[in-house]
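Structural overview
So the chains spell out like this:
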Amino acid sequence: MNRIVIGFAPTRRSIFSAPDAVKYADLTRKRLGELGVEFVDISDIAQDGLLHDDNDRIRIAAKFKEAGVDGLFFPHGNFGTEYEVARLAKELNVPVLLWGPRDERPDGNGIRLRDSQCGLFATGKVLRRFRIPFTYMTNCRLEDPEFERGVKDFLAVCNVVKVFRSIRILQIGPRPFDFWSTMCNEGELLEKFNIQLSPIPMPELTVEVKKVQEEGAEAEVVAYCREHFNIAVKEEELKKVAALKVAMKRLAEKYGCSAIAIQCWNALQGELGIMPCAANSLLNEEGIPVVCETDIHGAITALMAEAAALGEKRSFFADWTVRHPDNENGELLQHCGPWPLSVACERPTIGYPLAFDHPGAVEALAKSGDLTLCRFDGDNGEYSLLLGNAKGVEGPYTKGTYMWVEVANLKRLEAKVVEGPYIHHCVGIHGNVVPVLYEACKYIGVQPDLYDPIEEDVKAYLRGE
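These lines cover the structure that appears in this document, whether it is placed above or below. Sequence order sets the numbering: in each chain, residues are counted from 1 along the sequence as written. In keeping with the predicted nature of the model, local features appear solely for residues at pLDDT of at least 70, side-chain atom pairs appear and are counted solely at 80 or more, and the whole-chain, interface and lining totals rest on all residues. The side-chain quantities take in all heavy atoms of the structure and omit both hydrogens and water.

**Some points on the sheet that holds strand β4 (residues 96-99)**
What counts is decided by this rule: Strand pairing is assigned whenever DSSP detects at least two bridges linking the two strands. What counts as a helix is a DSSP run of H or I of at least four residues, what counts as a strand is a run of E of at least two, and both are numbered from the N terminus.
On the basis of which strands lie adjacent, the open sheet formed by 5 strands has the order β2-β1-β3-β4-β5 and parallel pairing. Every other strand in the sheet has two partners, leaving β2 (39-40) and β5 (135-136) as the edge strands with one partner each. The sheet contact formed by strand β3 (residues 71-75) and β4 spans 4 bridges and is parallel. Within β4, the residue paired with phenylalanine 73 across the bridge is leucine 97.

Right under this line is the structure:
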């Protein structure tokens, strides 16, 4: 997981109880500590530890920038100063979490001390005026389960935004000629999203592989493979797989890349005589997503999915392939063998793929369970993120890394993929990160596109219902 640091700026307004605002700010600090949230405080700047003064706001902004905060949290201890919240959020340009504790009943004289909820309504309006996207966590108590869930989900949203805004992908070779579906607009990705590509020709990879072999630097990877995989290839072929893995990791580090998209066929086979699938699998297991057929958009998707899971789970890159022979809403997710070891429900085998004669693919059935499936893609300058839920189901054996999944309505999903802007590739990850990805989209300029009509359910979850 990337280190996520939140700028903590509780706020108040002068006409409401300042002591109560301070009290709730301190209680919120304590609760964040209990949840293990790392945050940068403002107590050393604001005399009462609260945001309401513009001179303080200027110094707070400087402190948060220096600390490199990944998000802002604005608890409203009482009504709050909405324009100071908006000014600070505008300057920082990071995700914003808006929340206030539930107000107590009026006292015996009918006096209300805080009116936090009313202030949230005002701040929401001013943030919209400033065109600042924000995440709203329902008006609840610090001890309520929706507070803990909301804070943790916000950290995941911040992680997606942080990862997305710093993507650099190692592109090894151009797309295979026949894969027109995986073409992308490099300039547009840079201009719209600051997504950078580091393209290298295939010979640069093969030269690095030879260096690894000359150094004998692949030996540790060979040993790892023998420990964790069934080996159905020759010793020299396994050594090439291991050397390829080491070489790709070195090149990713050299160019400062967090993911790789490789032209997995057929120039590589002419040079090395192996498929890269098993090497891809090994890197995927280490948290460096590697996708096939130079699918840049697929690599972006994998980074987003793993960020949404806070780096605690590995994603897998798959083809939508064929419908289930018996289940009307079932589909086969499969690829030659790049899926990470931790996704498998059995001991994988390094062997031969379905459609090629060269060694180096992985065979394994994936774990079943609840899944998120997603795909970042675009046509004609418009980008969206297809996303939704699925579950693993029983199905017949097939080659490669694979699993059969069931969705709520396959015909609806099929139409989404065909009509676009998507293609036959997707990324899966175990668990439900749909709400996190949906919420992150508002901060990165990407349209969320749910393949099931669950938008109101997702919004309800994010509200804490």
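Resuming the write-up.
**Focus on the packing of helix α9 (residues 235-254) against helix α11 (residues 277-285)**
This is how it is decided: Convention adopted: a line fitted to C-alpha atoms gives each axis, helices being fitted over their contacting stretch, and angles between N-to-C directions are expressed from 0 to 180 degrees. Any angle from 65 to 115 degrees is called roughly perpendicular, while one under 35 is roughly parallel, one over 145 is roughly antiparallel, and all others are oblique. Here a crossing is taken to be left-handed if its near helix is turned anticlockwise relative to the far helix by less than a right angle, and right-handed if that turn runs clockwise. In what follows, a contact means two residues having at least one pair of non-hydrogen atoms within 4.5 Å. In this classification, Asp, Glu, Lys and Arg are treated as charged, Ala, Val, Leu, Ile, Met, Phe, Trp, Tyr, Cys and Pro as nonpolar, and every other residue, Gly included, as polar.
Direction vectors running N to C along α9 and α11 enclose 50°, while the axes themselves pass 8 Å from each other. As summarised for this structure, α9 and α11 are arranged oblique, according to the angle between their axes. The interaxial crossing formed by α9 with α11 has right-handed handedness. Packed against α9, whose contacting residues are Val241, Leu244, Lys245, Met248 and Lys249, the element α11 presents Ala278, Ala279, Asn280, Leu282 and Leu283 at the interface. A breakdown of the residues in the contact of α9 with α11 according to their chemical character gives 7 nonpolar, 1 polar and 2 charged.

**So, the packing of aromatic side chains**
Condition: Classification of ring pairs rests on two measures: the distance between centres of Phe, Tyr or Trp rings, Trp counted by its six-membered ring, which must be within 6.5 Å, and the angle between planes, read as stacked under 30 degrees, edge-to-face over 60 and tilted in between. Relative accessibility under 20% of the residue-type maximum defines a buried residue, over 50% an exposed one, and the middle range a partly exposed one, all with a 1.4 Å probe and only protein chains included.
For the coordinates displayed, the defined rule picks out 15 aromatic pairs. Look at phenylalanine 73 and phenylalanine 147: their rings are 6.5 Å apart centre to centre, the planes differ by 50°, and that puts the pair in the tilted class. On the criterion of sequence distance, the pair formed by phenylalanine 73 in strand β3 and phenylalanine 147 in helix α5 (residues 145-164) is long-range, its members being 74 residues apart. Residues phenylalanine 73 and phenylalanine 147 agree in their burial class; the two are buried. Centroid distance tryptophan 265 to phenylalanine 356: 5.6 Å. Interplanar angle 50°. Geometry classified as tilted. Taken together, the residues tryptophan 265 in the loop between β9 (259-262) and α10 (267-272) and phenylalanine 356 in the loop between β13 (349-351) and β14 (361-365) connect sequence positions 91 residues apart.

**Digging into the nonpolar core**
Here is the rule we go by: Definition used in this section: a nonpolar core is a set of buried Ala, Val, Leu, Ile, Met, Phe, Trp, Tyr and Cys residues joined via side-chain atoms within 4.5 Å.
Ranked by internal contacts, the top residues of the largest apolar core, which has 105 residues, are Phe147, Phe164, Leu205, Ile300 and Phe376. Examining the composition of this core, we find that 11 residues originate from one element, α5, more than from any other. When near neighbours in sequence (up to four residues on either side) are disregarded, phenylalanine 164 contacts Phe193, Ile195, Ile300, Met304, Phe376, Ile444 and Val446. Counting 26 residues, the second-largest nonpolar core is a separate cluster that includes Ile42, Ile60, Leu98 and Phe134.

**What to know about the packing of helix α7 (residues 202-215) against α9**
Relative orientation of the contacting elements α7 and α9 amounts to 115°, with a least axis distance of 8 Å. Along this stretch, α7 crosses α9, giving a crossing that reads as right-handed. Mapping the contact onto sequence places Glu204, Leu205, Glu208, Val209, Val212, Gln213 and Glu215 in α7 and Lys240, Ala243, Leu244, Val246, Ala247, Met248, Arg250, Leu251 and Lys254 in α9. Of the residues in the contact of α7 with α9, the class split is 9 nonpolar, 1 polar and 6 charged.

**A short note on unusual backbone geometry**
Note the cis peptide between tryptophan 265 and asparagine 266, where omega equals 5°. Examined against the element boundaries, asparagine 266 turns out to sit in the loop between β9 and α10. Note that the residue after glycine 420, namely proline 421, is joined by a cis bond; omega there is 15°. Following the sequence through the fold, proline 421 ends up in the loop between α13 (410-419) and β18 (425-430). Of note, asparagine 194 is a non-glycine position whose phi angle comes to about 60°, a positive value. Among the structural elements, asparagine 194 can be located in the loop between α6 (186-193) and β7 (196-200). The phi dihedral of threonine 294 is positive, around 50°, even though this residue is not glycine. The residue threonine 294 is located in the loop between β10 (290-291) and α12 (296-308) in this model. Residue classification places threonine 294 among the buried positions, given a relative accessible area of 3%.

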